[in-house]
Amino acid sequence: MSNLIYHTVIILQAVLLVILFFRPRKEKIVVQTEIKPITKAPLEDNKIKEIKNSLNERLKQSQQLDSSKTENSGIKDILDEERIYIVLEGGNSAVWDIDFISDICYFSPRYYTMLGFEPNEFPAKFDEWFNLVYDDDKEIVSEIIKQHRENRIKQFEVEFRMVTKFKTLRWILGKGKIIKRDKNGEPIRMVGTNTDITDWKNSIIALNESKERYFELLETLPMGLVVLIDKKCQFANPKAAQILKSEKIDFLMGREIFSEVYLSEIENGPLEIKIPTIDNKSMIDLELSISKIKFQQENGLQILFQDITSKKILENNLLQSQKMEAIGKLAGGVAHDFNNILTTILGYSELILSKETLADDLKDNITEIEQSAKRAASLTHQLLAYSRKQILKQELLDFNQIIVNMKKMLAPLIGEKIVLNIKLEDNIPSIKGDKHQIEQIIMNLVVNAKDAMPNGGKLDIITKTENSSIILEITDNGQGIKSEDIPYIFEPFYTTKETGKGTGLGLSVVYGIVNQHNGSISVSSVLDKGTVFIVKFPIVEKERVDNFQKISTPIKPIKELSSFQNNTTITILLVEDEESVLNLTSLILKKNGFNILKAKNFAEAKNLIDTDKEITILFSDIVLPDGSGKQVATYFINQRDNQNILFTSGYTDEPEENLSLNGTNYPFILKPYSIDNLLCKLSEIIKKIS
């Protein structure tokens, strides 16, 4: 029975020591150091014999130091230690034992071999051991041993590096405990283990570095990343918070976001959605890339997303620009054909009205036809403004002066209920443009603002310089424009006004004029708050501007159609592809004493220039089926050395300066033209000839 108790006690002691040496250690963050692997020495029989011999030697020393201890108890202690040391050696742990009184130390063979030494290659002394501790780690090792010796901690555990025989470093987990103190509490004996944890430490360092790289990637990822479980956000990177306008990432945690993706087929590729920001101050367009993942042992969605709001705006602007361009081309084509028709209607109406024997009732009817044709001409003029096909009378303009000159006219137009504020930046640069068209922009925008404030309000007209542009800003605090209407307000015949209160051409004319002046226009509006129109025109430096000449001059109508009688010596080459206009103009000019040569295209005109002996004046449409009036004029000048030229058109793709030939601008008359205006233009040319 006594033997059973004795062996039970021995086993319990061994278990306690093993638990002491192998209790779990806390992970510490350390710096990785280059390691040269060292092969673990196998535990052979001869090493076990060395341990036993060493233990026997220590038994004798122990008996000398403690005479009160019986021989049997000393043997039992040493046998217990022997068993423990053998177990530890087999587990890749080296054993050390320090006697502070005698300064006798014991280092097990594994202690040497894990550092690349042969067993007992250096003396088993504390100083020898401490010298092998890496210099950067000596302080922490020394401090923790000191704390234990002073009984501030019951036992110690520390990770540090030791220098091997090959001058490389190995990570060591050192554990130790003072197992005997004197009556004053001073340590007598301390035992412990050193375990090579280099491989484990390297894997921890690699894992930490991998985590750091992963989180650094998430931190710098130019796209938002969130993980959703049951629609709720469980993870988000900083970019996600930035895109969604969340002050902190924490504000996203647990919040339901991107609920729309749960209603979509996520396997079908990227998804575009429009959602409000977290602060509810704006709407943003997002492109999402969605994948299913496992997150914290639960099924979830990983969503990568980017803000494509600017991209969508650009796409919408491009589509709108393309649509407006297409409508403009259609409007220009319609205006061209319609102006030819109106030229014929107005011309024949004038011819009929010029007859002295015309009955009064018939005269009234023809006059009504003429007035209707003139109203139609005004409509086509607006279409041409929208489609940017007008002939501009360009010159250097002082934008502020235009507004100042219009102020007296604008005040009565808007009425007494509306307060007009004009704020003009001093000394703004000049722009290149048509004064009357610029005035029309201001007039149309002011009328729009007035209509938006039926009960009165405030209207601001502001000019300022921004970069290389002159800014015109017209602001009202009226009814505003619905967001769904804004994309269409510049389209012809689109109006938000009641039936009969608007043609739908006002803003389309503004759009056309602005674009023809190489400018831009934008609008922002809030219902019941007001609307802001911002128009930008490019600045032109005075030293880079040529002397602009007006293509057409104000026309003073003449009363007598007979003023050109007896001009039979003047021959006019009339080039016009529209037959009705060609016949009408030919008839008018013949009735006023001119000789007429008719051509329907460039080819016929060239033939007449080559064969006819006398051509005094060339009168050509700019747009021809097989060329242009400019080509006809160039050929006419080269062949005849004659610069008596008059251009006409219902519209033209040519900018004003391109109507000049060799730096010379020639007279122009816009269709539909009246007989008086045509004859007046010709009279100016004839005066130069004579």
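Residues numbered from 1 in each chain as written. Predicted model: local features only at pLDDT ≥ 70, side-chain atom pairs only at ≥ 80, totals over all residues. Heavy atoms only, no water.

**Q** Looking at this structure, how should I read helix α11 (residues 399-414)?
**A** An α-helical segment advances 3.6 residues per turn. Residues three or four places apart therefore align on the same side. Between the first and last C-alpha of α11 there are 21 Å, a value that for 16 residues agrees with the 22 Å anticipated at 1.5 Å per step. Taken as a whole, α11 carries its principal kink of about 50° at Lys-407. Among all positions of α11, only Phe-399, Asn-400, Ile-402, Ile-403, Met-406, Leu-410 and Ile-414 are buried. (Helix = DSSP H or I, 4+ residues; strand = E, 2+ residues; numbered from the N terminus. Expected span 1.5 Å × (residues − 1). Bend = angle between axes of the 7 residues up to and from the residue. Buried < 20%, exposed > 50% of the residue type's maximum accessible area, 1.4 Å probe, protein only.)

**Q** What exactly am I supposed to notice about the sheet that holds strand β20 (residues 617-621) here?
**A** Sheets are built from strands paired through backbone hydrogen bonds, the pairs being either parallel or antiparallel. One open sheet holds the five strands; their spatial order is β19-β18-β20-β23-β24, and the pairing between them is parallel. Lying at the two open borders of the sheet, with one neighbouring strand each, are β19 (595-599) and β24 (668-670). Each adjacent strand pair in this sheet contributes to an overall mean axis angle of 20°, direction not counted. Bridge count for strand β18 (residues 571-575) against β20 is four bridges, and the pairing is parallel. Bridging from a neighbouring strand, Ile-572 pairs with Ile-617 of β20. (Pairing = 2+ DSSP bridges. Axes fitted to C-alpha atoms, helices over the stretch in contact; angles between N-to-C directions.)

**Q** What exactly am I supposed to notice about the nonpolar core here?
**A** It is characteristic of soluble globular proteins that their nonpolar side chains tend to be buried jointly. Within the largest apolar cluster, 37 residues are counted, with the highest numbers of intra-cluster contacts made by Phe-399, Ile-438 and Ile-442. For this core, the secondary-structure elements that each account for two or more residues are α11, α12 (435-451), β14 (457-466), β15 (469-476), α13 (506-516), β16 (520-526) and β17 (530-538). If we ignore the near neighbours within four places in the chain, the residues touching Ile-442 are Phe-399, Ile-402, Ile-403, Met-406, Leu-410, Leu-472 and Ile-474. Of all hydrophobic cores here, the second largest spans 25 residues; its members include Ala-94, Phe-107, Phe-117 and Val-141. (Core = buried A, V, L, I, M, F, W, Y, C linked by side-chain atoms within 4.5 Å. Contact = heavy atoms within 4.5 Å.)

**Q** What am I meant to see in the packing of α11 against α12 here?
**A** Two packed helices can be described by the angle between their axes and the distance between those axes. Orientation of α11 relative to α12, taken along the N-to-C sense of each, is 40°, at an axis distance of 10 Å. Judged by the angle between their axes, α11 and α12 are oblique. Judged by the twist between their axes, the crossing of α11 over α12 is right-handed. In this structure, α11 uses Phe-399, Ile-402, Ile-403, Met-406, Met-409, Leu-410, Leu-413 and Ile-414 to contact α12, whose residues at the interface are Lys-435, Ile-438, Glu-439, Ile-442, Met-443, Val-446, Val-447 and Lys-450. When the residues that make up the contact of α11 with α12 are grouped by side-chain class, the tally is 13 nonpolar, no polar and three charged. (Parallel < 35°, antiparallel > 145°, perpendicular 65-115°, else oblique. Left-handed = near helix turned anticlockwise from the far one by under 90°. Nonpolar A, V, L, I, M, F, W, Y, C, P; charged D, E, K, R; others polar.)

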